[in-house]
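# Chain and residue survey
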Amino acid sequence: MSGEELVELAPAKINLCLYLGPTRADGRHELVSIMQSITLADRLRLRDAGPGEGRPGEGRPGSDEVRCPGVDGPNICTAALAAFRTATGWDGPSQVLEIEKLVPVAAGMGGGSGDAAAAVRLIARRAGIDDLELELLLAAGLGSDVPGQVRPGRVLATGAGEKITRLADPEPFGILVLPSAARLSTADVYRQADLMGLGRHSDALAALDPVGRPRFVNDLEPAARALEPTIDEALAEARGLGATTAMVSGSGPTVIGLFPTPAGAINAGAATGGRFPAAIVALPFVGAVRHN
């Protein structure tokens, strides 16, 4: 597929439950979470670098260029492309990856992780390598939320997020997303959770049955609320608009309201008015993520 522009969607995720466990020897936390991809998504385009594009060292890890307008600093997708080249030995031409961001940044919706997962899918397509096990292995080295987004849908994530079990797609329901003007670092939220003693013991974590006995729980929510008090206003707004469940998404500060029907979320989104002008209505993401 050399020379052809490849496009993939990178859906955001919400955590329908997130149970926090103890810290492992590698510094990551044990967790149990049901992750649901939603229709809010970034769009990624991958193409061969043209003259003067790409970074020095064509055909070697680190030669690829990632462009993400509006987002400063190192991009996890750079590491994703380099990890793929290193793991496979693929020496194809330098690539340019362009990201159109629609998922809020540092918002607890897995935007960066979803982009990294999509980048792995794209570079694997470019190289002509169809190996889900490899993609999951690379994803696990990139971050806790990445493996669950390699194949978007609904998954049960355990371990530190690297152990993935696919779940059946849900019946349609509505999701009201209330983004925040604030940003929260995932590391800061986990650190605050540790200070507040929010983690569960390993035996309590092992006894959970989130699929058979589902509960909408986010153990990180108190930590996120402690760091960003404006979350409380968004939670009250979602509940006031009729959400059957209102909770912080992941590490926050985004708040989600869940509605039994898509129409309920659409009506709620229209009713937010000027209080939450950036409100987004989404649905569960099902089907293929490939755009071409």
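Our structure is the block above this text.
How each quantity is defined
- Here, residues in each chain are numbered from 1, in the same order as that chain's written sequence.
- Only residues with pLDDT of 70 or above have their local features reported here, since the model is predicted, and side-chain atom pairs are shown and tallied only from 80 upward, although totals for entire chains, interfaces and linings are computed over all residues.
- As a rule here, side-chain values cover all heavy atoms of the structure and leave hydrogens and water aside.
- Whether two strands pair comes down to DSSP finding at least two bridges between them.
- Every helix listed is a DSSP run of H or I at least four residues long, and every strand listed is a run of E at least two residues long, numbered separately from the N terminus.
- Think of each axis as a best-fit line through the C-alpha atoms, taken over the contacting stretch in the case of a helix, with angles from 0 to 180 degrees between the N-to-C directions.
- In what follows, a contact means two residues having at least one pair of non-hydrogen atoms within 4.5 Å.
- Left-handed describes a crossing whose near helix is turned anticlockwise from the far helix through less than a right angle; right-handed describes the clockwise counterpart.
- We call Asp, Glu, Lys and Arg charged. Ala, Val, Leu, Ile, Met, Phe, Trp, Tyr, Cys and Pro are nonpolar, and the rest, Gly among them, are polar.
- We call a set of buried residues a nonpolar core when its members are Ala, Val, Leu, Ile, Met, Phe, Trp, Tyr or Cys and they connect through side-chain atoms within 4.5 Å of each other.
- For the exposure calls, accessible area comes from a 1.4 Å probe over protein chains only, and a residue counts as buried if that area is under 20% of its type's maximum, exposed if over 50%, partly exposed in between.

Now for the sheet that holds strand β10 (residues 280–282). Spatially, the four strands line up as an open sheet ordered β8-β9-β7-β10, and their pairing is antiparallel. Edge positions in the sheet fall to β8 (245–248) and β10, since each has one partner strand and no second. Neighbour-to-neighbour, the strand axes of this sheet turn through a mean angle of 25°, independent of strand direction. Sheet contacts for helix α7 (residues 231–240): β7 (174–178), β8 and β9 (255–259); angle to β8, the most-contacted strand, approximately 160°. Along the sheet face, helix α8 (residues 262–271) touches β7, β9 and β10 and points at about 30° away from the line of β7.

Another point: unusual backbone geometry. In this chain, Gly252 is followed by Pro253 through a cis amide linkage whose omega measures 10°. Inspection of the secondary structure puts Pro253 in the loop between β8 and β9. Residue Ala106 is not a glycine yet carries a positive backbone phi of 50°. Tracing the chain through its elements places Ala106 in the loop between β4 (95–100) and α2 (111–127).

Helix α3 (residues 132–142) packs onto α2 with a crossing angle of 145° between their chain directions and a minimal axis gap of 10 Å. α2 and α3 meet at a crossing whose hand is right-handed. The residues of α3 that touch α2, namely those facing Ala116, Val120, Arg121 and Ala124, are Glu135, Leu138 and Leu142. Of the residues contributing to the contact of α2 with α3, the split by class is five nonpolar, no polar and two charged.

Right, let's talk about the nonpolar core for a bit. In terms of nonpolar packing, the biggest core is built from 28 residues, with Leu44, Phe84, Leu97, Ile99 and Ala119 touching the most fellow members. If you list the elements that add at least two residues to this core, you get β1 (6–23), β2 (29–48), α1 (76–88), β4, α2 and α3. Of all the elements, α2 adds the most residues to this core, at nine residues. Among all residues touching Ile99, those that are not within four sequence positions of it are Asp42, Arg43, Leu44, Val66, Arg67, Cys68, Pro69, Asn75, Cys77 and Asp115. The next biggest cluster of nonpolar side chains, apart from the first, holds 27 residues, and it includes Ala157, Ala193, Ala246 and Val255.

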